[in-house]
Amino acid sequence: MAGGRRARRPALAAALVGLVLAGAGLVPAIAANQPSGPRRAAARTTPVPDGIDRLVVRTTRPAGRNAENALAASVGGRHAGSGRPGVFDVDVTQGQGPAAARKLGQNPSVAHVEADVRFRSAEMPPANTAALVPSKKPIGAGAGASPPPVNERCFSGCALTFDGGTTSRIYSQSDFMHIGAADAWAVTHGDPNMLVAVVDTDVDATQPDLAGKVIVGANFSGDNTPDPEGHGTAVAGLIAATPNNGIGIAGLGWNTKVLSVRVLDSQGAGFASTIAKGIHYAADYPGVKVINLSLQQDPNCPAADKTLCPKTSTPLQDEIKYAQSKGILVVSAAGNQPVSDPSYPAAYDGVLSVAAVDGTDDTLAKFSRRGPWVDIAAPGVGVLTLATPCTDGNCWVTPDGTSFATPIVSAAAALVWAANPGLTAPQVAARLMATAEPIAGTGTDFSNGEVNVGRAVGSALAGPLSATPGTAAISATSALPLATGKGYWLAASDGGIFSYGNATFLGSTGGITLNRPIVGLAATPTGKGYWLVASDGGIFAFGDAGFWGSTGSLSLNKPIVSMAATPSGRGYWLVASDGGIFAFGDAGFRGSTGSLHLNKPIVGMAATPTGRGYWLIASDGGIFAFGDARFFGSTGNLKLNRPIVDMAPSPDGDGYWMVASDGGVFAFGGSQFYGSPAGTTAGSIVSLAATPTGNGYWIIGNDGGVYNFGAAAYLGGLGGIPLNRPIVGLAVR
């Protein structure tokens, strides 16, 4: 790309001063006088050119190279490389792309043609280009420092200088300390057979702190010149720098290794079609579990016609889907433009997108892209990592950018996977998001908080189906998969209704004097109506909800505590605290606990997807299944901190969740654990509802606070707003 890049060196403004120090005596020059060495052997190719528009062409059926050359020549272009069979690139003179695309699109042998997308590394320009080397300033034991959790000179603090020793600063890996690295390492050191693919510029495998930690893979960039800024090396260092060798820093992934796949040239530039080829290669490489994309669309697209600067790329999206189909987690930088517009590939379905925060005060970095489409945040300002070539002790950099937040999340994912290899890629992502630390901007600038790898790894030990109360975060909104619930209602004990998203207010009993308080709420299948039920079994129907009967005129042994609607919406069940069942409309009676002696009262019920069965749940988590409802487990024999208050089934009926009054969540059968608000709630939890596809759930408190996990979108709540009566129910549209 035109203009080139300056050699990146750290900005001392990002230095961290006055931190806990470790080590003794003078900091040695690391690998002084060691040559950088050869990078890799490869055929000489051509870097990304300026002055061209690149098109990606897909033919109706795979054709030979001669046929592809002829298509390129028909628009005055040249063949610029092949992707999958039947897909190839065409370069034409800059400005001629739109006309060439139209002409190719009219050719009967062409199925699709689109402009290729230019990309760059997601790194901010450096504020200081001076080399950073060890200082002779004494630190460590003389200052009374305690040993760090890893034997690395610069983990807890080392003195570095950029001006020959006149000015020295203490640099450390405080960002890793802050996100719980030591807690995670106490559980796992990662899997040495697991690879994170760094799809980027080249990685210097001769960097002393990366010795034996890098597999040099294929080069798709068209450039054999090493990246002078060492972007790929800096990214790889955060994942895989060798721990406990005493010479520099520790990679968060500890034993995790990286596969270097080069798709960006020595100027940090590349095309989406090239990146797609690198992703496909990485997805097929044995041992790869995570693909790290520390790159962004070029904000300075050179095309005169800006239609050649699209936001999406079909080849890139296809290869990301291919990687996901192989069980790989794709992690991508959100980008460095301070806007809220979605950026790709970060915003593609299933990609874990990462914003950058300043670890010194846990605020969103001024340069970072933001918005609720961004999944999670991680440190990305002045992050201490590796430089190349590591000569004369010049081995470190402290760069800024979402480029460097991304590998922190990738390494965290690798540790979670190592702690529990049975997790799927979406489960690993959900674990990271559900255990993220809520910080300023959570829910607006990014869906979840800042990654906490200590919590995520500790939570992973419980397995994918177990709750870990007290270790999860609020607003755990995941883009894996996309949100499906688009609205919900909250009901208060006086029948007041609060509607959010596309859930429409259809009426309430808020202004009516009730004989008994409202205890439950259920929505119709159309989402255009709902029922309220009182503790005496009185039913109030709104919208298209039909009245099918009630127990309001009966003398009940025990009060009604919950209700559930049939799948048709033409009936419902009411359940009393002794498990007595009252069926109305097309709701069939399948059994009850009304004649049984219960250890604890019934607090909730849920219907199966067929409507031919239901579950009852007691406050100790005991489950009673009737009809075609299957038993998947319970907490009936466990000692709970707080009583169970509600349950929700998975949409296909192969599992269920239950929630305690402190927010602890327990998942059974095919229901996945996405997180819990335990330990963070202001009021008592009262209800739980799943998304229509079961990829997340909402939990509400009696103060109207709404906590969303997995793909359940936060659409609003009442937490902190004074209420006339407590919230008692939740229903999803």
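All figures in this text were calculated on a predicted structure; none of them were measured in a lab.

If you tally the helices and strands in the chain, you get ten helices and 39 strands. In the chain, buried positions account for 59% of the 733 residues. In the chain, once contacts between residues fewer than 6 apart in sequence are set aside, the share between residues at least 24 apart is 65%. Accessible area of the chain: about 26,000 Å², with a carbon and sulfur share of 52%.

Let us look at the environment of Met647. Examined against the element boundaries, Met647 turns out to sit in strand S33 (residues 644-649). Overall, Met647 belongs to the buried group, its relative accessible area being 3%. Along the sequence, Met647 and Gly621 sit 26 residues apart, while their C-alpha atoms lie 9.1 Å from each other.

So, on to the pairing of strand S27 (residues 560-565). Regular strands place side chains that alternate from one sheet face to the opposite one. Among the six residues that make up S27, five are buried, leaving the element largely enclosed by the rest of the structure. The pairing of S27 with strand S28 (residues 571-576) spans five bridges and is classified as antiparallel. Bridging across to S28, Met563 finds its partner in Leu574. Taking the residues that link successive antiparallel strands as the turn, the S27-S28 hairpin has five residues, and the phi of Gly569 there is positive, at about 80°.

The next subject is the packing of helix H8 (residues 402-419) against helix H9 (residues 425-434). Direction vectors running N to C along H8 and H9 enclose 115°, while the axes themselves pass 10 Å from each other. Accordingly, the angle class assigned to the pair H8 and H9 is roughly perpendicular. The two elements H8 and H9 meet at a crossing, and its hand is right-handed. Here H8 contributes Val409, Ala412, Ala413, Val416 and Trp417 to the contact with H9, which in turn contributes Ala425, Val428, Arg431 and Leu432. In terms of residue class, the contact of H8 with H9 is built from eight nonpolar, no polar and one charged.

What follows covers H8. An ideal rise of 1.5 Å per residue puts 26 Å on 18 residues; H8 measures up with 26 Å between its terminal C-alpha atoms. In terms of burial, H8 is largely enclosed, as 17 of its 18 residues are buried.

What follows concerns the nonpolar core. Residues Trp185, Leu252, Leu329, Val409, Leu432 and Val451 are the most contacted members of the largest nonpolar core, which totals 69 residues. In terms of residue count, the dominant contributor to this core is H8 (twelve residues). The contact partners of Val409, leaving out residues within four places of it in the chain, are Val331, Leu352, Val354, Ile376, Ala378, Leu432 and Val451.

Here the focus is the state of the cysteines. Enumeration over the complete set of coordinates arrives at one disulfide. Paired through a disulfide, Cys390 and Cys395 show a sulfur-sulfur distance of 1.8 Å. Given an S-S torsion of about 70°, the disulfide between Cys390 and Cys395 has right-handed geometry. For the pair Cys390 and Cys395, a shared accessibility class is recorded, and that class is buried.

In spatial order, the strands read S27-S28-S29; together these three strands make up an open sheet with antiparallel pairing. Each end of this open sheet is capped by a strand with a single partner; those strands are S27 and strand S29 (581-585). Strand-to-strand twist across the sheet, computed as the mean angle between neighbouring axes with direction ignored, equals 20°.

It is worth spelling out the environment of Gly441 at this point. Position of Gly441 among the secondary structure elements: in the loop between H9 and helix H10 (453-460). Taking the relative accessible area as the measure of exposure, Gly441 reaches 19% and is therefore buried. As a C-alpha pair, Gly441 and Pro372 span 69 residues in sequence and 9.4 Å in three-dimensional space.

This structure, assessed with the given rule, holds two cavities of 30 Å³ or more. There is about 30 Å³ of room inside the second largest cavity. Lining of the second largest cavity is provided by Gln317, Ile320, Lys321, Tyr348 and Asp349. Counted by class, the lining of the second largest cavity contains two nonpolar, one polar and two charged residues.

This next bit is on the sheet that holds strand S4 (residues 110-115). Spatially, the four strands line up as an open sheet ordered S2-S3-S1-S4, and their pairing is antiparallel. Two strands close off the open sheet at either side, each with one partner strand: strand S2 (78-82) and S4. Between one strand axis and the next, the sheet turns by 30° as a mean value, whatever way the strands run. Taken together, the three bridges between S2 and strand S3 (residues 87-93) define a ladder with antiparallel strand orientation. Bridging across to S3, Ser82 finds its partner in Phe88. Together, strand S1 (52-59), S2, S3 and S4 form the strand contacts of helix H1 (residues 65-73), whose direction differs from that of S2 by roughly 135°. Helix-sheet contacts for helix H2 (residues 97-105) involve S1, S3 and S4, and the interaxial angle to S1 is about 15°.

Right, let's get into the confidence of the model for the chain. The pLDDT averaged across the chain works out to 81; a share of 82% of its residues lies at or above 70. Low pLDDT, under 50, characterises residues 137-147; the predicted model gives this stretch 26 contacts beyond four residues in sequence or across chains.

Turning our attention to the packing of aromatic side chains. In this structure the tally under the stated criterion is 18 aromatic pairs. Judged by centre distance (5.7 Å) and plane angle (70°), the ring pair of Phe220 and Tyr281 falls under edge-to-face. With a gap of 61 residues between them, Phe220 in the loop between strand S10 (214-219) and helix H5 (231-240) and Tyr281 in helix H6 (residues 272-284) connect regions that are remote in the sequence. Ring geometry for Trp531 and Tyr572: centres 5.5 Å apart, planes at 65°, overall edge-to-face. Here Trp531 is found in strand S25 (residues 529-534), whereas its partner Tyr572 is found in strand S28, with 41 residues between them in sequence. By the burial criterion, Trp531 is buried, and Tyr572 matches it. Through successive ring pairs, a cluster of aromatic residues spans Trp615, Phe632, Tyr656 and Phe668. The ring of Tyr322 carries Arg84 above its face, with NZ or CZ at 5.3 Å from the centroid.

On to helix H7 (residues 314-325). For H7, which comprises twelve residues, the first-to-last C-alpha distance of 16 Å matches the rise-based estimate of 16 Å (1.5 Å per residue) to within 8%. Three or more residues of H7 are buried, namely Pro315, Leu316, Glu319, Ile320 and Ala323. End-on, the buried residues of H7 take up no more than an arc of 135°, which puts them together on one face. Exposed and oriented more than 90 degrees from the buried face of H7 are Lys321 and Ser325. Where H7 is buried, its residues meet S1, S4, strand S5 (118-121), H6, strand S13 (288-293) and strand S15 (329-333). A side-chain oxygen of the first residue of H7 lies 3.3 Å from the backbone nitrogen of Leu316; this N-cap is Ser313. Gly327, located one to two residues past H7, shows a positive phi value of around 80°.

Calculation notes
- Residues numbered from 1 in each chain as written.
- Predicted model: local features only at pLDDT ≥ 70, side-chain atom pairs only at ≥ 80, totals over all residues.
- Heavy atoms only, no water.
- Helix = DSSP H or I, 4+ residues; strand = E, 2+ residues; numbered from the N terminus.
- Buried < 20%, exposed > 50% of the residue type's maximum accessible area, 1.4 Å probe, protein only.
- Contact = heavy atoms within 4.5 Å.
- Areas by Shrake-Rupley, 256 points an atom, 1.4 Å probe, with all protein chains shown as cover.
- Pairing = 2+ DSSP bridges.
- Axes fitted to C-alpha atoms, helices over the stretch in contact; angles between N-to-C directions.
- Parallel < 35°, antiparallel > 145°, perpendicular 65-115°, else oblique.
- Left-handed = near helix turned anticlockwise from the far one by under 90°.
- Nonpolar A, V, L, I, M, F, W, Y, C, P; charged D, E, K, R; others polar.
- Expected span 1.5 Å × (residues − 1).
- Core = buried A, V, L, I, M, F, W, Y, C linked by side-chain atoms within 4.5 Å.
- Disulfide = S-S within 2.5 Å.
- 1 Å grid on protein atoms, 1.4 Å probe; cavity = no way out; pocket = protein on both sides within 12 Å on 5 of 7 lines; lining within 4 Å.
- Points joined across faces, edges and corners; volume = space filled by probe spheres on them.
- pLDDT = per-residue confidence, 0-100.
- Phe/Tyr/Trp six-rings, centres within 6.5 Å; stacked < 30°, edge-to-face > 60°.
- Lys NZ or Arg CZ within 6 Å of the ring centre and 35° of its normal.
- Arc of directions from axis to C-beta.
- Polar contact = N/O pair within 3.5 Å; in protein donor to acceptor, adjacent residues only side chain to side chain.

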